[in-house]
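# Coordinate analysis (summary)
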There are 2 protein chains.
Amino acid sequence: MPKTKKKNGNAVDLRQTILKTALILFTSKGYFNTSVHDIKRTADISIGAVYHHFKSKEEIAKAIYAEMLEVMTKSMDEIMVQYDSTQERAKAIMRMLFDWAETNPAEMEFMLHAKHKEFMPSAIPVCSSRPLAMMREVVQTGINNGEIREMDVTLAATCLFGGMFRMINLRLDGIFKEPLPPHLEMVWDCAWKGVAR
Amino acid sequence: MPKTKKKNGNAVDLRQTILKTALILFTSKGYFNTSVHDIKRTADISIGAVYHHFKSKEEIAKAIYAEMLEVMTKSMDEIMVQYDSTQERAKAIMRMLFDWAETNPAEMEFMLHAKHKEFMPSAIPVCSSRPLAMMREVVQTGINNGEIREMDVTLAATCLFGGMFRMINLRLDGIFKEPLPPHLEMVWDCAWKGVAR
DNA sequence: GTCTATATAGTGATAGAC
DNA sequence: GTCTATCACTATATAGAC
């Protein structure tokens, strides 16, 4: 029975433990209200372990961000393959994000609600990220093929998805008390009516 | 010629200078990236002066917040008096906020974009504030009198104003490059089509 | 009411034993 | 690879002179 030095039981990948713990603290208390000592304490590990896996607190946040962006991009890609029309694609995106808000609230909070610029000045803004760009592309395609009215892409994308983003924020903040997925049809209907030709 | 001890020229109301300086720094660098020494330095006053007028850094933020909430409430009240229908009222609200985003970007940024809970844990959330409540009331009235489709108020309000809020955020972040007011008609049209009966 | 100087506490990060 | 102990620094806030 090989001995490792950790006092924790299952520290196969301490890295993931740190990321998970940090995410929870960052989203519940905020990045700046979370010290590395908080992370260490909550994860029940030493500060040396934290700094062995990440060179700084900011790097932890950046790792969370990058991982989440990758997952989102992958899901978007699948939607693009699975559906053809802008209407179907946009609705599938909305469904996916509503679902995630329920199943991965912390991740969603961190991606959609956090002010990344303030603690990860070097990271690319969410707005310029691949997933968001894909959403605009979906809308642009819709404008080109006549599914969506002629107008500025950014404006159209914002009108189409703005209500959804805000619903998610309200939900994550605990203002909206009910799970989002059952309201998909209604929110989608309002959004699509607004921009459809 | 009466002598005062300040080294600054026009420190009639140093309090306002502090608030204005703090607002700019809070919105440009973020609350946590702004130290009281930053405020002191930028406003070219002493730290003693700051702490004479405000008992803590958080109190400065709370003062900004309260002042801004009051102004917004007042403007909302005027809109309620000036217009009768939900359609007119909601559109007037949108116009007002679009205008403010251009004329008072820092104030708007602070009100709509900042994560108040993280640095003013005791302040009431924007969502529960008077102005936001009034927006929901406008929508509720619209549902009652048939201007807006039958549905959950929060949901309707979010669908109606969600696009607008997001446009403002994009604009304040510098993602959307053009002034918002000229786009009012388009955004309003999308929003209203979505929820109108 | 405004100033300078300082107390106090906690932060991000490192050193070096094991 | 994980630990403990500690550094260097910066932050908020206070004390007390003027």
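Residues numbered from 1 in each chain as written. Chains lettered and ligands numbered in written order. Predicted model: local features only at pLDDT ≥ 70, side-chain atom pairs only at ≥ 80, totals over all residues. Heavy atoms only, no water.

For chain A, the name recorded in an unreviewed UniProt entry is Transcriptional regulator, TetR family, with Desulfuromusa kysingii as its organism.

We now examine the overall build of chain A. Along the backbone of chain A there are 10 helices and 0 strands. Counted from the first residue to the last, chain A has its helices and strands arranged as α-α-α-α-α-α-α-α-α-α. Overall, the C-alpha framework of chain A stretches about 65 × 35 × 30 Å when taken along its three principal axes. Put simply, chain A has 197 residues, and 52% of those count as buried. Within chain A, contacts between residues at least 6 apart in sequence are counted, and of these 69% link residues at least 24 apart. Per element, the accessible surface of chain A, about 9,500 Å² overall, is 53% carbon and sulfur. Of the charged side chains in chain A, 26 are positive and 24 negative, and the gap between their average positions amounts to 8 Å. (Helix = DSSP H or I, 4+ residues; strand = E, 2+ residues; numbered from the N terminus. Buried < 20%, exposed > 50% of the residue type's maximum accessible area, 1.4 Å probe, protein only. Contact = heavy atoms within 4.5 Å. Areas by Shrake-Rupley, 256 points an atom, 1.4 Å probe, with all protein chains shown as cover. Lys, Arg positive; Asp, Glu negative; His and termini not counted. Charge placed at Lys NZ, Arg CZ, Asp CG, Glu CD.)

Our focus in this paragraph is unusual backbone geometry. Residues and elements named next belong to chain A. For Asp 44, which is not a glycine, the phi torsion comes out positive at approximately 55°. Checked against the element boundaries, Asp 44 lands in the loop between α2 (36–43) and α3 (47–53). The partly exposed category is assigned to Asp 44, whose relative accessible area is 41%.

Here we take up the interface of chain A and chain B. Many authors give the size of an interface as the accessible area that is lost as the parts come together. In this assembly, 37 residues from chain A lie in contact with 37 residues from chain B. When chain A packs against chain B, the two sides together hide about 3,200 Å² of surface, and 68% of this comes from carbon and sulfur. Contact with chain B buries surface across chain A, with Lys 115, Leu 155 and Arg 166 of chain A losing the most and accounting together for 17% of the total. Of the charged contacts, one joins Lys 115 of chain A and Glu 109 of chain B as a salt bridge, the two residues approaching to 3.1 Å between their closest N and O atoms. (Buried area = accessible area lost by both parts, 1.4 Å probe. Salt bridge = Lys/Arg side-chain N within 4 Å of Asp/Glu carboxyl O.)

Moving on, we get to the packing of helix α10 (residues 184–195) of chain A against helix α10 (residues 184–195) of chain B. Relative orientation of the contacting elements α10 of chain A and α10 of chain B amounts to 135°, with a least axis distance of 7 Å. Taken as axis vectors, α10 of chain A and α10 of chain B run oblique relative to one another. In the crossing of α10 of chain A with α10 of chain B, the sense of the turn from one axis to the other is right-handed. Where α10 of chain A abuts α10 of chain B, its residues Cys 190, Lys 193, Gly 194 and Val 195 of chain A lie against Cys 190, Lys 193, Gly 194 and Val 195 of chain B. Partitioning the contact of α10 of chain A with α10 of chain B into residue classes produces 4 nonpolar, 2 polar and 2 charged. (Axes fitted to C-alpha atoms, helices over the stretch in contact; angles between N-to-C directions. Parallel < 35°, antiparallel > 145°, perpendicular 65-115°, else oblique. Left-handed = near helix turned anticlockwise from the far one by under 90°. Nonpolar A, V, L, I, M, F, W, Y, C, P; charged D, E, K, R; others polar.)

Residue and element names in this part refer to chain B. Where helix α9 (residues 153–172) contacts α10, the two axes come as close as 8 Å, and the packing angle between them is 165°. Classified by the angle their axes make, α9 and α10 are roughly antiparallel. α10 is crossed by α9, and the crossing has right-handed handedness. Judged by residue contacts, Ala 156, Cys 159, Leu 160, Met 164 and Met 167 of α9 engage Val 187, Trp 188, Ala 191, Trp 192 and Val 195 from α10. Residues of the contact of α9 with α10, tallied by class, amount to 10 nonpolar, no polar and no charged.

With that settled, the discussion passes to the pattern of salt bridges. Taken as a whole and assessed by the stated rule, the structure comprises 28 salt bridges over all chains. A salt bridge links Glu 185 of chain A to Lys 91 of chain A, with the shortest nitrogen-to-oxygen separation between them at 3.0 Å. Pair noted here: Glu 185 of chain A is in helix α10 and Lys 91 of chain A is in helix α5 (residues 86–103), with a separation of 94 residues, a long-range link. Residue classification places Glu 185 of chain A among the partly exposed residues on the basis of a relative accessible area of 47%. Residue Lys 74 of chain B is joined to Glu 70 of chain B by a salt bridge in which the shortest nitrogen-to-oxygen separation is 3.8 Å. Here Glu 70 of chain B and Lys 74 of chain B lie together in helix α4 (residues 57–82), a separation of 4 residues that amounts to about one turn. Residue Lys 74 of chain B is classed as partly exposed on the basis of its relative accessible area, which comes to 49%. Each of the salt bridges in this network shares a partner with another, and the network as a whole consists of Lys 55, Glu 58, Glu 59 and Lys 62 of chain A.

Per the counting criterion, the structure on display carries 4 cavities of 30 Å³ or more. Surrounding the largest cavity, 22 residues form its lining, Lys 115 and Glu 118 of chain A together with Phe 32, Lys 115 and Glu 118 of chain B being those nearest its centre. Taken together, the elements giving at least two residues each to the lining of the largest cavity come down to α1 (14–29), α6 (105–112) and α7 (116–119) of chain A together with α1 (14–29), α6 (105–112) and α7 (116–119) of chain B. For the lining of the largest cavity, a count of residues per class yields 12 nonpolar, 4 polar and 6 charged. (1 Å grid on protein atoms, 1.4 Å probe; cavity = no way out; pocket = protein on both sides within 12 Å on 5 of 7 lines; lining within 4 Å. Points joined across faces, edges and corners; volume = space filled by probe spheres on them.)

Assignment of secondary structure puts Met 94 of chain A in helix α5. Each residue touching Met 94 of chain A, except ones within four places of it in the same chain, is listed here: Leu 160, Phe 161, Met 164, Leu 184, Val 187, Trp 188 and Ala 191 of chain A.

Let's shift gears to the relation of the copies chain A and chain B. Expressed as a screw transformation, the operator carrying chain A onto chain B has a rotation angle of 180° and an axial translation of 0.0 Å, and the superposed copies differ by an RMSD of 0.0 Å. Expressed as a symmetry operation, the mapping of one chain copy onto the other fits a two-fold axis. A high fraction, 100%, of the interface residues of chain A reappear at the interface in chain B, so the copies pair face to face through one surface. (Least-squares fit on C-alpha atoms with pLDDT ≥ 70 in both.)

What follows deals with the nonpolar core. Ranked by size, the top nonpolar core spans 148 residues in total, and within it Ile 60, Leu 97, Phe 161 and Ile 168 of chain A together with Ile 60, Leu 97 and Phe 161 of chain B carry the most contacts. When neighbours within four sequence positions are excluded, Phe 161 of chain B is seen to be in contact with Ala 90, Ile 93, Met 94, Met 135 and Val 139 of chain B. (Core = buried A, V, L, I, M, F, W, Y, C linked by side-chain atoms within 4.5 Å.)

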